[in-house]
Amino acid sequence: MTVNEIVYSNKEEYINFLSQLVQTDTQVIGHGVLGGKEKAGQEIIKQKLMDLGFEIDEFLVEDEKIKKFPGANLGHDNRDRPNIVGILKGTGGGKSLILNGHIDTMPFGDRDKWSNDPFLGQVQGDVLYGLGSTDMKASLAAMILAAQVIKTSGIRLKGDLIIQSVVDEEGGGNGTLACVERGYTADAAIVGEPTQLHIQPAHMGFLFHEIVVEGHSLHSSQLWEGVNAIDKAIKIYQSLKDLEHRWLMTEKHPLLPGPTINLGEIEGGIAGSVVPGSCTLKTCLHYQPKQNEAYEQTRERVNSQVLGVIESVINGDKWLKAHPPQVHVYQEGYPFETPITHSLVQEMKSVIEGVLHKEAVIEGMPAGCDARILSGFGNIPTVIVGCGDPRQCHCVDESVSVSQFLSLIEIYVNFIISWCDILVNDFK
């Protein structure tokens, strides 16, 4: 039987496995700061991998071990939230591969806005509905089911296959950081974030800035005697938007959009009749990787430009110069890029075109994900390939295409066989 025949003859079993994962509550709480419910899902993953003969490594995220990584999100409640890593040792002589996916989901939010139970996990037509279906339980399930196809077909891989089901991705990537810290490495890695079966060998970096501006508060009837902190904060924000505009004109990347700065939160003042004495801005900046420049250097260059623009505003304002705003980065992630010419990208392109019978799409991810960790800290060539539409992430009535899910299993199987190599090829 071909891979395609095996997948479609077992599709009900595969869909049921995905449904089981979606029906299991694995929400993070407070972006991981207050913990998460991943363990129930990890028990399902662990048992499945054990049934397939994988060696199991189960371990918790530990702040003391991951704090050495820039951008580590410390202070999360890591209790009862284990990573599950399955290792299938090859016979030798082949290339190793990591398949990385996260089991955690964002909270479902307002239940009344959902058409059905967020944990429905049922199929209607070609669509399976439920929280985490696209982000990213379908791709995680496809990774494990691809291994099942290989194992049950009696195929022996030459290279090692490592499947990482990680926690706290929605909290900033601590689960994958813990895997890198533990020493897991390979000749290549695939992250299964939803890409609609497109190949994404690059994604943006991000910097979250908090800017706290001081004013002088008093009754608005005497406003000329005070200093409006919101007015001063807006001057800074406008200068950052000018910087964004310059970047959009000058910073070009073949796979990624231009850099952007979003003002996501603004807090200041206590009443319309009071000149605000303080104002806090929280921004999110997305920036591109730069060829022939280390991720750390790119980050420092971009951050220095932001600080330089703010400093220019301060120097041109008597009040701000005497009362300089407090600026700090409170969350961040490096960009990443694997060259399109790399054998990993080209081999994945060949596999996808063989499965889908059309030209593979190669593009960049405008957001960020754990690929940056495997690439930047693990020094592992990495691509992002998964099923599902990213517009379904973090939204009401989240869903995933069943046909994409099944195609992804086939893609993963063929790529594993191609990349890791096998002793005997049973597929004609």
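What counts, and at which threshold
- Residues numbered from 1 in each chain as written.
- Predicted model: local features only at pLDDT ≥ 70, side-chain atom pairs only at ≥ 80, totals over all residues.
- Heavy atoms only, no water.
- Pairing = 2+ DSSP bridges.
- Helix = DSSP H or I, 4+ residues; strand = E, 2+ residues; numbered from the N terminus.
- Axes fitted to C-alpha atoms, helices over the stretch in contact; angles between N-to-C directions.
- Contact = heavy atoms within 4.5 Å.
- UniProt positions renumbered as here; feature names shortened; annotations may be inferred.
- Patch = residues over 30% accessible without salt bridge, like charges linked within 9 Å, V, L, I, M, F, W, Y side chains within 5 Å.
- Areas by Shrake-Rupley, 256 points an atom, 1.4 Å probe, with all protein chains shown as cover.
- Salt bridge = Lys/Arg side-chain N within 4 Å of Asp/Glu carboxyl O.
- Buried < 20%, exposed > 50% of the residue type's maximum accessible area, 1.4 Å probe, protein only.
- Domains from an automatic or database assignment.
- Buried area = accessible area lost by both parts, 1.4 Å probe.
- Polar contact = N/O pair within 3.5 Å; in protein donor to acceptor, adjacent residues only side chain to side chain.
- Nonpolar A, V, L, I, M, F, W, Y, C, P; charged D, E, K, R; others polar.

### A word on the sheet that holds strand β2 (residues 82-88)
Alright, step 1. Taken in spatial order, the 6 strands of this open sheet run β1-β2-β6-β3-β7-β14, and their pairing is mixed. At either end of the open sheet lies a strand with only one pairing partner, and these are β1 (55-60) and β14 (382-384). The average undirected angle you get between the axes of adjacent strands in this sheet is 20 degrees.
Alright, step 2. Alignment of strand β3 (residues 97-102) against strand β6 (residues 161-166), held across 6 bridges, turns out to be parallel. Bridge pairing links L97 to L161 in β6.
Alright, step 3. Packing of helix α3 (residues 39-51) onto the sheet brings it into contact with β1, β2 and β6, and relative to β2 it is tilted by some 10 degrees.
Alright, step 4. Against the sheet, helix α5 (residues 133-152) contacts β2, β3, β6 and β7 (189-191), and its axis sits at roughly 145 degrees relative to β3.

### Section: the UniProt feature "domain: Peptidase M20 dimerisation" (unreviewed entry) in the chain
Alright, step 1. As recorded in UniProt, the sites labelled "domain: Peptidase M20 dimerisation" (unreviewed entry) are residues 202-298.
Alright, step 2. The span residues 202-298 shows a helical share of 27% and a strand share of 32%, and its end C-alpha atoms are spaced 14 Å apart.

### Quick look at a nonpolar patch on the surface
Alright, step 1. On the surface, a cluster of nonpolar side chains totalling about 260 Å² of accessible area is made up of I29, V33 and L34.
Alright, step 2. Checked against the element boundaries, I29 lands in the loop between α2 (11-22) and α3.
Alright, step 3. On the basis of relative accessible area, I29 is assigned to the partly exposed category, the value being 34%.

### Observations regarding the domain arrangement of the chain
Alright, step 1. Annotation of the chain at the domain level lists domain 1 (3-203 + 336-420) and domain 2 (205-333).
Alright, step 2. A straight line from the C-alpha centre of domain 1 to that of domain 2 covers 35 Å.
Alright, step 3. On the side of domain 2, 12 residues touch domain 1, which itself brings 19 residues to the contact.
Alright, step 4. Regarding the contact of domain 1 and domain 2, the summed buried area is about 1200 Å², with carbon and sulfur atoms giving 61% of it.
Alright, step 5. Summed over the shared surface of domain 1 and domain 2, the result is 4 residue pairs in polar contact (both at pLDDT 80 or more).
Alright, step 6. For the side of domain 1 that touches domain 2, the secondary structure elements donating two or more residues are β8 (202-203), β13 (336-337) and α11 (371-376).
Alright, step 7. Top element by residues in the side of domain 1 that touches domain 2 is α11. It accounts for 3 residues.
Alright, step 8. In terms of residue class, the side of domain 1 that touches domain 2 is made up of 8 nonpolar, 8 polar and 3 charged.

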